[in-house]
Structures are given as C-alpha cells and as structure tokens.
Amino acid sequence: MRRWWRIWIAGAILAAAPAGVLAASCVTQAELTPQQRDELAAAGQEIAQAIVQQDFNTLHGAMLPALQGQWDGIRAAVAGGAPLVKGGQAQLRSLYLLDSSSVKAPADTEFFCSNATGSLTVTISMHALPPGKYAVVLADAIGAPLGGQMGIILVRDDSSTPAAWKLGGVTLRQGAIDGHDGVWYWQRARTQAASNEQWSAWYSYAMARYLLLPVDFISSPNLDKLNLEQSQIKDGPSNAFPMTVTSGERSWKVSSLQLDTTLREADLRVTYESLGIVDPAAMRTEAVAVLGAMLKARPELRNNFHGLWAYASKDGKLTPVIELPMAQIPQQTQ
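This is a predicted model, so every value here is computed, not measured.

## Observations regarding helix H7 (residues 221-231)
Part 1 of the argument: For H7, the full list of buried residues reads Leu223, Leu226, Glu229 and Gln230. Looking straight down H7, one finds its buried side chains confined to an arc of 120 degrees; they lie on one side.

## Thoughts on the packing of aromatic side chains
Part 1 of the argument: On inspection of all chains with the given rule, the structure shows six aromatic pairs.
Part 2 of the argument: Ring centres 6.5 Å apart and planes at 90 degrees place the aromatic pair Tyr203 and Phe305 in the edge-to-face group. Of the two residues, Tyr203 sits in helix H6 (residues 198-212) while Phe305 sits in the loop between helix H8 (280-297) and strand S13 (307-314), which places them 102 residues apart along the sequence. Neither residue differs from the other here; Tyr203 and Phe305 are each classed as buried.
Part 3 of the argument: Arranged with centres 6.1 Å apart and planes meeting at 55 degrees, the rings of Trp309 and Tyr311 form a pair that is tilted.
Part 4 of the argument: Take Trp309: its relative accessible area is 13%, and that puts it in the buried class.
Part 5 of the argument: Residue classification places Tyr311 among the buried positions, given a relative accessible area of 7%.
Part 6 of the argument: Through a chain of ring-to-ring contacts, three or more aromatic side chains come together here, namely Trp202, Tyr203 and Phe305.
Part 7 of the argument: Directly above the ring of Phe305 sits Arg188, whose terminal nitrogen or CZ lies 6.0 Å from the centroid.

## Digging into the state of the cysteines
A covalent bond bridging the sulfur atoms of two cysteines is what the word disulfide describes.
Part 1 of the argument: Summed over all chains, the structure comprises one disulfide.
Part 2 of the argument: Each sulfur in the disulfide pair Cys26 and Cys113 lies 2.0 Å from the other. Note on the Cys26 and Cys113 pair: the S-S dihedral is about 105 degrees, so by sign convention the disulfide is right-handed. One end of the pair, Cys26, is in strand S2 (residues 22-28); the other, Cys113, is in strand S4 (residues 107-114), and 87 residues separate them in sequence. Neither residue differs from the other here; Cys26 and Cys113 are each classed as buried.

## Points about the pairing of strand S5 (residues 121-129)
Part 1 of the argument: Judged from the seven bridges that link them, S4 and S5 form a sheet pairing that is antiparallel. Pairing of Cys113 across the sheet is with Val122, part of S5.
Part 2 of the argument: The loop that links S4 with its antiparallel partner S5 comprises six residues; one of these, Gly118, has a positive phi angle of about 80 degrees.
Part 3 of the argument: As paired elements, S5 and strand S9 (residues 218-219) share two bridges and run antiparallel to each other. Along S9, the bridge assignment pairs Ile124 with Ile218.

## Things to note about the environment of Met207
Part 1 of the argument: Assignment of secondary structure puts Met207 in helix H6.
Part 2 of the argument: The spatial distance from the C-alpha of Met207 to the C-alpha of Ile177 is 9.4 Å, given a sequence separation of 30 residues.
Part 3 of the argument: Other than its neighbours up to four places away in sequence, Met207 contacts Ile177, Tyr185, Leu259, Thr261 and Ala266.

Thresholds, definitions, all that
- Residues numbered from 1 in each chain as written.
- Predicted model: local features only at pLDDT ≥ 70, side-chain atom pairs only at ≥ 80, totals over all residues.
- Heavy atoms only, no water.
- Buried < 20%, exposed > 50% of the residue type's maximum accessible area, 1.4 Å probe, protein only.
- Helix = DSSP H or I, 4+ residues; strand = E, 2+ residues; numbered from the N terminus.
- Arc of directions from axis to C-beta.
- Phe/Tyr/Trp six-rings, centres within 6.5 Å; stacked < 30°, edge-to-face > 60°.
- Lys NZ or Arg CZ within 6 Å of the ring centre and 35° of its normal.
- Disulfide = S-S within 2.5 Å.
- Pairing = 2+ DSSP bridges.
- Contact = heavy atoms within 4.5 Å.

Now the structure itself:
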C-alpha cells in the first residue's frame, strides 16, 4: 500500500483527469508578476509552515469558507502526515497559477504550464474542476528525516474583503526513504537495469516517481523521461502477473507485486490467492512460505528492498498478514 495523506477540494478536483480534457490557462512561478508571486508565496508559506508545526488554528482560519464542512478530513490528513514533516522547516518549491474562470460548469481540465520560451511544459490535470482561479503550491519540509513533501491547493476567494487565497486541499507524502530521495532511486534504477536486475530496476523507477512529487496530477518532461526509461525495461514485472510461485509441493497464484511504504520503508507487497487457511498461526506460516517462494522466483529483490508484505486474497477479501524484512524471510532452495 503506497501510503500518503490527502484531501480533495470539493471531494474530487485533484484526481488525475483523462486525456482530451478542456484546456485552461496556467502561469508558472517565473512568469508571475511580483504581486502575484508575493501573494501566492505568502499564502503557501503560511499554510506549509502551519502543516509542519501542526498549527490547526491557522489552517482552519485559512480554509475556503465553502469547504468548512471538510475541516475534519483536512485536519486528519495533516495530523496523519505529521511524522513525514517532523523536524523540518517549510520551504516552497514551485508555484502554479491556474485560471478556469471561463469554464461554465465543473469540467475535467488540463493546464499546460510553459516557461517563457515554451521549451518546457508541465501539465496539471484536474477532474470536475469548478470555474475559478486556483494555485498549486509544492513545498518541502527541509531537514525532516522522512523528507516530507506537501502539495497545497489554494482557491481565490473573491467574496472576501479583500479578495484572498484560501486553503482548498492538502497532500502530504514521504520524500525520502532511509535517507534516499527520488533522484537517488532513479540513479539506482539505471544501475540495476544496466546490471540486468530488471525487476529491481522497475520497482526502483516506481519508487523514484513516488518520492519526486507529493501529488499525482502533475506530469513533466522529467517524469516523462523516467516513465520512458521504465517502459524500456525488458522482462520486467509489468506483464508478469498473475504468476505462480511454489514452495515444496504447494503453489500459489500471485496476482500482483507493488510498492508498499506503510512502514515508511522500501517494501514490496505480494498479493496472493490464499489456500483458505483461517487459523492465524497457519496463515502466518502460509504467508512466510509465499514470501520465500516469491524471492526464490525473483532472488534479486532480496538485496534491493527492505522487506515484503504478504496480502492474502480469498473470495474477494484482501487480508494483510505479515511484513518481514528480507533477512527474516527464509531462503528456499527447492
């Protein structure tokens, strides 16, 4: 389970939108007027610092009035993400000013955010976005051991006097694992690919993508390059599932292998079809056997990730059984 804390504006507008959606205008940080930049930076910095300091009074006061009913969700998101930003200082990374005022009704909207020369374009995709003016603020908790990243959505409130930028949504995500950030995992993925560790490379690319941004609705040439490199991996896991793993005379169908940062470690989650065991001790024994069988099938993973989660699937029900560091998963030779 890739874990982060988030709250959507009006319940929906930050979800990734499909291709072919309505275009609207975007202004990047470098192209903002000094007044626009100062206003957005001030609002973003205040909110980012309040998140790091767990200052809920400031956050509540900064909320868009129309979203006050969602306060409990935003509070829970910020409180849940506290360990990610603990020990850090809020620092802004990027600002984007979005304008969908010409939209007549909520619509899936793409914003193409280009630099002055048009040589670099970042795309922001939002789902069911109401007409209005918005800003995306990306910030970091500099110095936090877990490298906490923040994605902040601001909404222009023209009904207030004077008009002001108000909090519309917050996302918190881990930015470092064991002291390593997304760039480190990207470089590691390239090294693994060159060493023919294709599965490890594929998941290192996925980890890099996860750690580079706190949100999923932004794409950039940099991320496109990462995605292209990952897609060029031959014999990787993208088309390998379902696969069968064996331990002795027993076998299981593994339906997926995914990143799982629940414990804020570089873990992978193995989802398998259980034999239907219900006794807790027997379930654990089965899970350990499955994890060992998975590493027997893909031994390169043992030295490249922290551990494995076992998720048992039976009759449509998914049950987390155990997480084990690699050193605690017995090696299988048969």
